[in-house]
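Residues per chain, in single letters:
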Amino acid sequence: VRNLPLPYGAEFLVVLVSGLGFGGAAAFLLSRRVHFDLTLSSRRSLLMLMLAAAVSIALVALGHIFILLWYGILASDDVLQAGLRAFVGDMIGVMVVTPFLLILFTRRQLPRPSWEIGVMVTLIFAALWLVFGSAQSFRFQLFYVLFIPVVWIAVRFGLDGVTSGLMLTQIGLIGAIQFSEQTTVDVVSYQALMAVLAVTGLAVGVLVNEQQRTQQQLRLQQEALNRASRLGTMGEFAAAVAHEINQPLAAIANYTR
């Protein structure tokens, strides 16, 4: 991916740093004290995933830069640029792929195909065509058109749907960048915009899921209240009937005595 002729020692250290960084983040999230929800059903779980990803990616990027500096592959003047490229690239990869895989493995299902999903997918590719088919100076401004289908998917299908939409958008973006032969600076800029799009879509999806869960709880509570109200009405009716029957029985008993 980085197209760097690394020596075997540097290659081993880069892999070791990546494994320790991301493995440590996974171990932290899976520890019992953290109480991380793999289904990402709450804003807390999503925020924890974002924070763990940001910290681990920053540490891994610093480790990679230190290794490249140590072996003389990277100049000191390029440290900031290389660190930014590494952080943004890994961050967008984690924020798009990890939620998609977590939803896929925990839900074990994807949104069912429908005409609405077909329209959304068509809008995603149409937006990508509009962005990369326009002049170079307008591409970054037109990139925000992608927010329309992604937010629409998040509102309609929640987190389950928006993770698939973001995955599809990322794949389309990678293909468009490859075919349009963008410069390195432009690739980092597109990745940064995609990171903003991913965070926005995931946040909206989590909020929609929480709203749906709250509405379901309110519906269950309302049904419970309705059942309690019906039972109370039946009790009042039984008491009224008993009172009405008791009156003539008492009169008959008195008359008999």
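Look up a bit, the structure's there.
In this report, we go over the structure that sits alongside the text. (Residues numbered from 1 in each chain as written. Predicted model: local features only at pLDDT ≥ 70, side-chain atom pairs only at ≥ 80, totals over all residues. Heavy atoms only, no water.)

**Remarks on the nonpolar core**
Thinking step 1. In terms of nonpolar packing, the biggest core is built from 46 residues, with Phe36, Phe132, Leu166, Met194 and Leu202 touching the most fellow members.
Thinking step 2. Elements that contribute at least two residues to this core include exactly α2 (43–70), α3 (79–107), α4 (115–133), α6 (147–180) and α7 (184–256).
Thinking step 3. For this core, the element with the highest residue contribution is α6, accounting for 11 residues. (Core = buried A, V, L, I, M, F, W, Y, C linked by side-chain atoms within 4.5 Å. Buried < 20%, exposed > 50% of the residue type's maximum accessible area, 1.4 Å probe, protein only. Helix = DSSP H or I, 4+ residues; strand = E, 2+ residues; numbered from the N terminus.)

**What to know about the pattern of salt bridges**
Thinking step 1. Under the definition given, this model contains 2 salt bridges.
Thinking step 2. For Arg43, the salt bridge identified is with Glu210, shortest N-O distance 2.9 Å. A residue pair is termed long-range when its members are at least 10 positions apart, and Arg43 in helix α2 and Glu210 in helix α7 qualify at 167 residues.
Thinking step 3. On the basis of relative accessible area, Glu210 is assigned to the buried category, the value being 16%.
Thinking step 4. A salt bridge links Glu116 to Arg156; the nearest nitrogen and oxygen atoms lie 2.6 Å apart. Here Glu116, found in helix α4, pairs with Arg156, found in helix α6; they are 40 residues apart in sequence, far enough to count as distant. (Salt bridge = Lys/Arg side-chain N within 4 Å of Asp/Glu carboxyl O.)

**Considering the packing of aromatic side chains**
Thinking step 1. The full count for this structure, using the stated rule, is 6 aromatic pairs.
Thinking step 2. Considering the side-chain rings of Phe143 and Tyr190, the 6.2 Å spacing of their centres and the 40° angle between planes classify their relative orientation as tilted. Here Phe143, found in the loop between α5 (139–142) and α6, pairs with Tyr190, found in helix α7; they are 47 residues apart in sequence, far enough to count as distant.
Thinking step 3. For the ring pair Tyr144 and Phe147, a centre distance of 5.6 Å and an interplane angle of 25° mean the geometry is stacked.
Thinking step 4. Ring pairing ties together the aromatic residues Phe132, Phe140, Phe143 and Tyr190, which thus form one cluster.
Thinking step 5. Sitting over the ring of Phe157, Arg156 keeps its end group 5.3 Å from the ring centre. (Phe/Tyr/Trp six-rings, centres within 6.5 Å; stacked < 30°, edge-to-face > 60°. Lys NZ or Arg CZ within 6 Å of the ring centre and 35° of its normal.)

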